[in-house]
Amino acid sequence: MDWTFRQCEDTAASLRAHAGIAPDADVPARAIAAALGLRCTLRAPKACTASVTIEDGQIHLHCRGYPWTQNFGIAHELCHAGSELEDVERPHDEARVDWTAVALLLPRGALRAQLAANDLTEPSALAAAFPMVPREWVLLRAGWVRGRAVAVHVDRQRRVWAPEGYEVSDVAPHWELRLVRLVRVTMQHQRAFGGEAYPIGAVGSAGVLVIFPEADNEGW
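These lines cover the structure that appears in this document, whether it is placed above or below. (Residues numbered from 1 in each chain as written. Predicted model: local features only at pLDDT ≥ 70, side-chain atom pairs only at ≥ 80, totals over all residues. Heavy atoms only, no water.)

**Overview of the side chain of Glu-136**
Structurally, the position occupied by Glu-136 is in helix H7 (residues 135–146). The buried charged residue Glu-136 lacks any salt bridge, with Arg-135 as its nearest oppositely charged partner at 4.6 Å. Not counting the four nearest positions on each side in its chain, Glu-136 is found in contact with Val-152 and Val-154. (Helix = DSSP H or I, 4+ residues; strand = E, 2+ residues; numbered from the N terminus. Buried < 20%, exposed > 50% of the residue type's maximum accessible area, 1.4 Å probe, protein only. Lys, Arg positive; Asp, Glu negative; His and termini not counted. Salt bridge = Lys/Arg side-chain N within 4 Å of Asp/Glu carboxyl O. Contact = heavy atoms within 4.5 Å.)

Here is the structure:
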């Protein structure tokens with residue numbers, strides 16, 4: 001079954017409801033875990049930043065890394081652990097678990113409040129408003145909430161969110177790569193072929209946010 005973005009959001013909302021967390025509250029994953037009666041430790045296997053084990057009827061979350069990495073790792077494993085909670089569905093592939101995790105950490109109400117002050121055209125300020133979430137995930141979630149297709153380039157990695165029905169190539173097209181190169185050289189906003197790109201972070205940062213041309217499909 002293809003797990004949709006709506007299902008990711010619904011699962012995140014179910015986890016918050018089980019934890020007794022307000023739907024739009026900006027709450028760290030560790031607090032959500034504690035509210036669900038789950039124990040977090042600061043150790044994880046060397047091959048990953050977070051993991052989950054279940055023993056004696058208790059779910060144990062293990063994480064390591066930077067605070068924002070730990071926070072996201074706990075959220076990711078909480079979404080895996082959701083299958084142990086009654087009436088909570090969970091996605092079955094790692095990519096959709098990541099999208100569920102970011103919806104868990106950044107509910108729409110909290111993000112909309114920041115988007116009102118710092119739109120997608122101010123990506124550094126927007127990302128800085130949520131220091132406990134990796135910046136690329138803040139910006140991808142912002143595109144999701146706004147219904148705008150976006151790509152985030154950090155070093156050689158590219159992550160994309162687009163509304164269902166809006167086609168984005170798995171491989172960055174020439175115009176997108178050109179925008180990314182120009183932004184990395186100038187550290188300034190660039191525009192081409194209906195798309196826009198903005199630097200993320202301080203001078204010297206490799207991060208670039210690309211906003212794709214707007215389409216009639218505004219998302220769900």
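**Brief notes about the packing of helix H3 (residues 67–81) against helix H4 (residues 94–105)**
Interaxial distance between H3 and H4 falls to 8 Å at its minimum, and their mutual angle equals 115 degrees. When the axes of H3 and H4 are compared, the pair comes out roughly perpendicular. Like other packed secondary-structure pairs, H3 and H4 cross with a definite hand, here right-handed. In this structure, H3 uses Asn-71, Phe-72, Ala-75, His-76, Leu-78, Cys-79 and His-80 to contact H4, whose residues at the interface are Glu-94, Val-97, Asp-98, Thr-100, Ala-101, Val-102, Leu-104 and Leu-105. Each residue belonging to the contact of H3 with H4 can be placed in one class, and the counts come to 9 nonpolar, 4 polar and 2 charged. (Axes fitted to C-alpha atoms, helices over the stretch in contact; angles between N-to-C directions. Parallel < 35°, antiparallel > 145°, perpendicular 65-115°, else oblique. Left-handed = near helix turned anticlockwise from the far one by under 90°. Nonpolar A, V, L, I, M, F, W, Y, C, P; charged D, E, K, R; others polar.)

**Focus on the packing of aromatic side chains**
Following the criterion strictly, the structure yields 9 aromatic pairs and no others. Considering the side-chain rings of Trp-99 and Trp-144, the 5.9 Å spacing of their centres and the 85 degrees angle between planes classify their relative orientation as edge-to-face. Of the two residues, Trp-99 is situated in helix H4 and Trp-144 in helix H7; the sequence distance between them amounts to 45 residues. In textbook terms, an aromatic cluster arises when at least three aromatic residues are bridged by ring pairs, as seen for Phe-5, Phe-72, Trp-99, Trp-137, Trp-144 and Trp-161. Positioned above the aromatic ring of Trp-144 is the side chain of Arg-141, whose terminal nitrogen or guanidinium carbon lies 4.4 Å from the ring centre. (Phe/Tyr/Trp six-rings, centres within 6.5 Å; stacked < 30°, edge-to-face > 60°. Lys NZ or Arg CZ within 6 Å of the ring centre and 35° of its normal.)

**A few points about the sheet that holds strand E8 (residues 207–211)**
Pairing between sheet strands relies on hydrogen bonds along the backbone, with the strands arranged either parallel or antiparallel. Sheet architecture is open: 5 strands sit in the order E5-E4-E8-E7-E6, paired in antiparallel fashion. Two strands bound the open sheet, and with one partner strand each, they are strand E5 (157–161) and strand E6 (190–192). Direction aside, neighbouring strands of the sheet carry axes that sit 20 degrees apart on average. Strand contacts of H7: strand E4 (150–154), E5, strand E7 (195–200) and E8, with the helix running at about 170 degrees to E4, the strand carrying the most contacts. (Pairing = 2+ DSSP bridges.)

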